[in-house]
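The residues making up each chain are set out below.
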Amino acid sequence: MYAFIWRHLPGNTLVRAVISLLLILGIVYLLFTYVFPWAEPLLPFGDVTVDGGDGAAAG
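As a starting point, this report considers the structure included with it. All figures in this text were calculated on a predicted structure; none of them were measured in a lab.

### Concerning the overall build of the chain
Scanning the chain for helices and strands turns up two helices and zero strands. Split into buried and exposed, the 59 residues of the chain put 5% on the buried side. For the chain, the accessible surface area stands at approximately 5500 Å², while carbon and sulfur atoms represent 71% of it.

Listed below in structure tokens is the structure:
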């Protein structure tokens, strides 16, 4: 898949590397800006199973 993308990018190796870097940065930006905030309420990060009951060490 990456070879397919690399072959279809315009320019020489340096230009392709810069375009690839920009594409990766754009994808990471979109993930952190839109996808992860949307998915965060759907994930079970708030379901904590550890409690501070009587069996905990008090030391």
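### A look at helix 2 (residues 13-39)
Given 3.6 residues to a turn, an α-helix orients residues that are three or four positions apart in the same direction. Along its 27 residues, helix 2 runs 36 Å from first to last C-alpha, staying within 8% of the 39 Å computed at 1.5 Å per residue. Most pronounced at Leu31, the bend in helix 2 amounts to some 40°. Residue Asn12 occupies the N-cap position of helix 2, its side-chain oxygen lying 3.3 Å from the main-chain nitrogen of Leu14.

### Side note on the layout of surface pockets
Looking at the largest pocket, its volume works out to about 180 Å³. Met1, Tyr2, Ile5, Trp6, Leu9, Ser20, Leu23, Ile24 and Ile27 are the residues that line the largest pocket. At the level of elements, helix 1 (2-8) and helix 2 are the ones that each hand at least two residues to the lining of the largest pocket. At four residues, helix 2 tops the list of elements feeding residues into the lining of the largest pocket. Its residues placed into classes, the lining of the largest pocket shows eight nonpolar, one polar and no charged.

### Concerning a nonpolar patch on the surface
Taken together, the side chains of Ile24, Ile27, Val28, Tyr29, Leu30, Leu31, Phe32, Tyr34, Val35, Phe36, Trp38 and Leu42 define a hydrophobic patch exposed on the protein surface, amounting to about 1300 Å² of accessible area. As for its placement among the helices and strands, Val28 is situated in helix 2.

### What about the packing of aromatic side chains?
Going through the model one piece at a time under the given rule, you end up with one aromatic pair. When the centroid spacing of 5.1 Å and the interplanar angle of 90° are considered together, the rings of Phe32 and Phe36 count as edge-to-face. Remark: Phe36 and Phe32 occur in helix 2; sequence separation between them is four residues, near one turn of the helix. Take Phe36: its relative accessible area is 40%, and that puts it in the partly exposed class.

Procedures and definitions
Residues numbered from 1 in each chain as written. Predicted model: local features only at pLDDT ≥ 70, side-chain atom pairs only at ≥ 80, totals over all residues. Heavy atoms only, no water. Helix = DSSP H or I, 4+ residues; strand = E, 2+ residues; numbered from the N terminus. Buried < 20%, exposed > 50% of the residue type's maximum accessible area, 1.4 Å probe, protein only. Areas by Shrake-Rupley, 256 points an atom, 1.4 Å probe, with all protein chains shown as cover. Expected span 1.5 Å × (residues − 1). Bend = angle between axes of the 7 residues up to and from the residue. Polar contact = N/O pair within 3.5 Å; in protein donor to acceptor, adjacent residues only side chain to side chain. 1 Å grid on protein atoms, 1.4 Å probe; cavity = no way out; pocket = protein on both sides within 12 Å on 5 of 7 lines; lining within 4 Å. Points joined across faces, edges and corners; volume = space filled by probe spheres on them. Nonpolar A, V, L, I, M, F, W, Y, C, P; charged D, E, K, R; others polar. Patch = residues over 30% accessible without salt bridge, like charges linked within 9 Å, V, L, I, M, F, W, Y side chains within 5 Å. Salt bridge = Lys/Arg side-chain N within 4 Å of Asp/Glu carboxyl O. Phe/Tyr/Trp six-rings, centres within 6.5 Å; stacked < 30°, edge-to-face > 60°.

These figures capture arrangement, not role.
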